[in-house]
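Commentary on secondary and tertiary structure
Okay, here's what each chain looks like letter by letter:
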Amino acid sequence: MVVKVPKDKGIDRTYAIFKDGYQFIQKRVQNHHLDVYETKILGSKTALLSGEEGAKLFYDNERMQRNSAMPPRVLKTLFGEDGVQTLDGDVHRRRKNVFMTLMTPESLKLLHEITLHHWEQALLKWQSEKKVVLFEEMLVLLTKTACEWAGVPLESKETKKRAKDFNKLIEGAAKLGPDHFASRRARKRLEDWAAALIEKCRKGELDSKEGSALHEMAVHRDTHGELLDAHTASVELLNVLRPMVAISRFIVFGASAMRENPEIRKRISNDEHYLRAFTQEVRRYFPFFPFLGAIAVKDFTWQQYPFKKGQLVLLDLYGTNHDPRLYENPEQFTPERFHKQKGGMFDLIPQGGGDYHQGHRCPGEWPTIEVLKASFSFMAEELDFDLPKQDLHYSLREIPSLPKSGFIMKNVRRRV
Ligand code: HEM
């Protein structure tokens, strides 16, 4: 049977990305019983992939590459130029390995402890404050956590400024106008700061611990045996710090899920198994990274669709995590689904899919889960507060999304 791959007719759909947000690909691919759809972005034919099969193709290094896939507006804000995200082949594998070596069981345990310590400190401070906006506080808490874990010195007077800049990077890629340019300026400030730390570390002016991100980025040698130039090393150090701060969004989403169902809180504090399942469901259910881009490296046909060499290909992360073929009632928040379902290479992909070493899957999945578990257990066991009237809705059109109020708490106290 010959199936015609559906496509958007006529005009360019770049604007529709802003209009449809997280559902841009889902709206197009679903109901067609295929995992591919054609649209036009920035004047060029673009293939949209979704679902487990779509993810498998996207992570096939024989058919897809990352170099040149990322638009400059994303590189100049969120990711930075010349970072691991833009590399392919051996050069990518070698650079990626630096990130992978940071993720030892000991260092993840340390991260858990650091996170809990900063929650304790934050609770002490919040008890004397009238009102606390969880999202803003998480940006600061995670900036401290990330820097301590990465071996980066951070003075208390600079913490808020760095936290704000990290958030500007996270928000800036999808923004237009002044907010986008503010994000570029924030990247410049952060790269200058990180590059200076790398230089100091190399000159021995800063005591950096072996195994910390700062140390490992400073001493890493590329496939030619050369140290990374200070700018590239700074981009990679920020590739650890920035996404750690981004976990703040999952924490706020998790807080609002706990508020909607008080049973969740009780179960989290009593059941480690449930805590993990809740953490996985937060990562699956709530919107964060909408989609990823790659470039087809050759002409080939897949599911009746003729891919052309050089063509832009987008993989639907949000839609795959909400694919009814993979998840029963995907629009219901149901942590229990992860008691049975494990989350495989290509079905649970909030942080990308495939193999960590061979492909671009996020090396920060373990630290993300560790920080979330520490945070959710602290919130369930130690934190009590009043929840004033506020708007906790979030929009699937806004990238990155967040509950509107940022989760306001009043009369914050320790749970007795
Ligand atoms: C890559 C999401 C946390 C470091 C990625 C990718 C996504 C993602 C979608 C792209 C995967 C691909 O291109 O195939 C997230 C989310 C996070 C998070 C939503 C939590 C809020 C972290 C953390 C770290 C980290 C905590 C570091 C400690 C990286 C790096 C890459 C990456 C270095 C590039 C990997 C490569 O190109 O090979 N992340 N991430 N991320 N992430 Fe994360």
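Scroll up to find the structure this text is about.
Residues numbered from 1 in each chain as written. Predicted model: local features only at pLDDT ≥ 70, side-chain atom pairs only at ≥ 80, totals over all residues.

**Considering the overall build of the chain**
Counting its regular elements, the chain contains 16 helices and 10 strands. Its C-alpha atoms give the chain a radius of gyration of 21 Å, within 12% of the compact-globule value 22 Å for 416 residues. Reported as C-alpha extents along the three principal axes, the dimensions of the chain are approximately 65 × 55 × 40 Å. Scored against the burial criterion, the 416 residues of the chain give a buried share of 43%. (Helix = DSSP H or I, 4+ residues; strand = E, 2+ residues; numbered from the N terminus. Rg over C-alpha atoms; globule rule 2.2 N^0.38 Å. Buried ≥ 20, exposed ≤ 12 C-beta atoms within 10 Å, placed from the backbone.)

**Let's talk about the site of the ligand**
Taken together, 24 residues lie around the ligand, and Pro 243, Gly 352, His 360, Cys 362 and Gly 364 are the ones closest in. Contributing elements (two or more residues each) for the shell around the ligand: α5 (89–101), α11 (230–260) and α16 (365–382). With 7 residues, the single largest contributor to the shell around the ligand is α11. Here the residues of the shell around the ligand are counted per class, giving 15 nonpolar, 7 polar and 2 charged. (Near = placed C-beta within 6 Å. Nonpolar A, V, L, I, M, F, W, Y, C, P; charged D, E, K, R; others polar.)

**Here we look at the nonpolar core**
Formed by 73 residues in total, the largest nonpolar core has its most connected members in Ala 150, Leu 214, Leu 237, Leu 241 and Val 245. A per-element tally of this core places α11 first, with 15 residues. The residues touching Leu 237, leaving out its near neighbours within four places in the chain, are Ala 150, Ala 194, Ile 198, Ala 213, Leu 214 and Met 217. In terms of nonpolar packing, the next biggest core, distinct from the first, is built from 30 residues, Ile 25, Val 36, Phe 58 and Ala 294 among them. (Core = buried A, V, L, I, M, F, W, Y, C linked by C-beta atoms within 7 Å. Contact = placed C-beta atoms within 7 Å.)

**Quick notes on the sheet that holds strand β5 (residues 291–296)**
Across the sheet, 5 strands lie side by side as β1-β2-β8-β5-β3; this open sheet has mixed pairing. Whereas interior strands pair on both sides, the edge strands pair on one side only; in this sheet they are β1 (36–41) and β3 (64–65). As judged from the 4 bridges shared by strand β2 (residues 44–49) and strand β8 (residues 312–316), these two strands associate in the parallel manner. The residue of β8 that forms the bridge with Thr 46 is Leu 312. Contacts from helix α3 (residues 51–58) reach β1, β2, β3, β5 and β8, with the element oriented near 135 degrees to β8. (Pairing = 2+ DSSP bridges. Axes fitted to C-alpha atoms, helices over the stretch in contact; angles between N-to-C directions.)

**Thoughts on the sheet that holds strand β9 (residues 383–386)**
Strand pairing in a sheet relies on backbone hydrogen bonds, with the paired strands running either antiparallel or parallel. If you walk across this open sheet you meet the 3 strands as β4-β10-β9, and the pairing is antiparallel. Each edge of the open sheet carries a strand with a single partner, namely β4 (131–133) and β9. Each neighbouring strand pair of the sheet contributes to a mean axis angle of 55 degrees, computed without reference to strand direction. Direction of pairing for β4 relative to strand β10 (residues 408–414): antiparallel, over a ladder of 3 bridges. Across the sheet, the residue bridging to Val 133 is Ile 408, located in β10. Helix α7 (residues 134–150) contacts β4 and β10 of the sheet and is inclined by roughly 65 degrees relative to β4.

**Let's talk about α3**
Every buried residue of α3 is listed here: Gly 51, Gly 54, Ala 55, Leu 57 and Phe 58. Down the axis of α3, the buried set is contained in an arc of 160 degrees. They therefore lie on one face. (Arc of directions from axis to C-beta.)

**A closer look at the environment of Asp 323**
Position of Asp 323 relative to the elements: it lies in the loop between α14 (317–321) and α15 (337–340). For the pair Asp 323 and Gly 51, spaced 272 residues apart in sequence, the C-alpha to C-alpha distance is 6.5 Å. When residues no more than four places from it in sequence are discounted, the contact partners of Asp 323 are Ser 50, Gly 51 and Pro 330.

**Focus on unusual backbone geometry**
Residue Ile 399 is joined to Pro 400 through a cis peptide bond whose omega torsion reads -5 degrees. Along the polypeptide, Pro 400 turns up in the loop between β9 and β10. The phi angle at Leu 42 is positive, at roughly 50 degrees, despite the residue not being glycine. With respect to the helices and strands, the residue Leu 42 is situated in the loop between β1 and β2. Positive phi, close to 40 degrees, is recorded for Asn 329, a residue that is not glycine. Residue placement: Asn 329 occurs in the loop between α14 and α15.

**Structural notes on the packing of helix α6 (residues 105–126) against α16**
The N-to-C vectors of α6 and α16 enclose an angle of 35 degrees; their axes lie 9 Å apart at closest approach. Between α6 and α16 lies a crossing whose hand is right-handed. Touching Leu 108, Leu 111, His 112, Thr 115, Leu 116, Trp 119 and Leu 123 of α6 are Trp 366, Pro 367, Glu 370, Val 371, Ala 374, Ser 375, Phe 378 and Glu 382, all from α16. In terms of residue class, the contact of α6 with α16 is made up of 10 nonpolar, 3 polar and 2 charged. (Left-handed = near helix turned anticlockwise from the far one by under 90°.)

**Considering the environment of Gly 352**
For Gly 352, the location among the structural elements is in the loop between α15 and α16. Taking C-alpha positions, Gly 352 is 8.9 Å from Phe 289, a pair spaced 63 residues apart along the chain. Discounting chain neighbours no more than four positions away, the residues touching Gly 352 are Leu 292, His 360, Arg 361 and Cys 362.

**So, α7**
A rise of 1.5 Å per residue sets the reference length of α7, with its 17 residues, at 24 Å; its end C-alpha atoms lie 23 Å apart and thus fit the reference within 8%. With its phi angle positive at about 75 degrees, Gly 151 sits one or two positions after the end of α7. (Expected span 1.5 Å × (residues − 1).)

**Digging into the packing of helix α8 (residues 159–172) against α11**
Between α8 and α11, the shortest axis-to-axis distance is 9 Å and the interhelical angle comes to 90 degrees. Judged on the interaxial angle alone, α11 and α8 are roughly perpendicular. Residues Ala 163, Phe 166, Asn 167, Leu 169 and Ile 170 of α8 form the contact with α11, whose own contacting residues are Leu 241, Arg 242, Val 245 and Ala 246. When grouped by side-chain class, the residues that make up the contact of α8 with α11 number 7 nonpolar, 1 polar and 1 charged. (Parallel < 35°, antiparallel > 145°, perpendicular 65-115°, else oblique.)

**Some thoughts on the environment of Ile 399**
Among the secondary structure elements, Ile 399 is positioned in the loop between β9 and β10. Accessibility expressed as a C-beta count within 10 Å gives 21 for Ile 399, which makes it buried. It is 20 Å that separates the C-alpha atoms of Ile 399 and Glu 281, two residues lying 118 residues apart in sequence.

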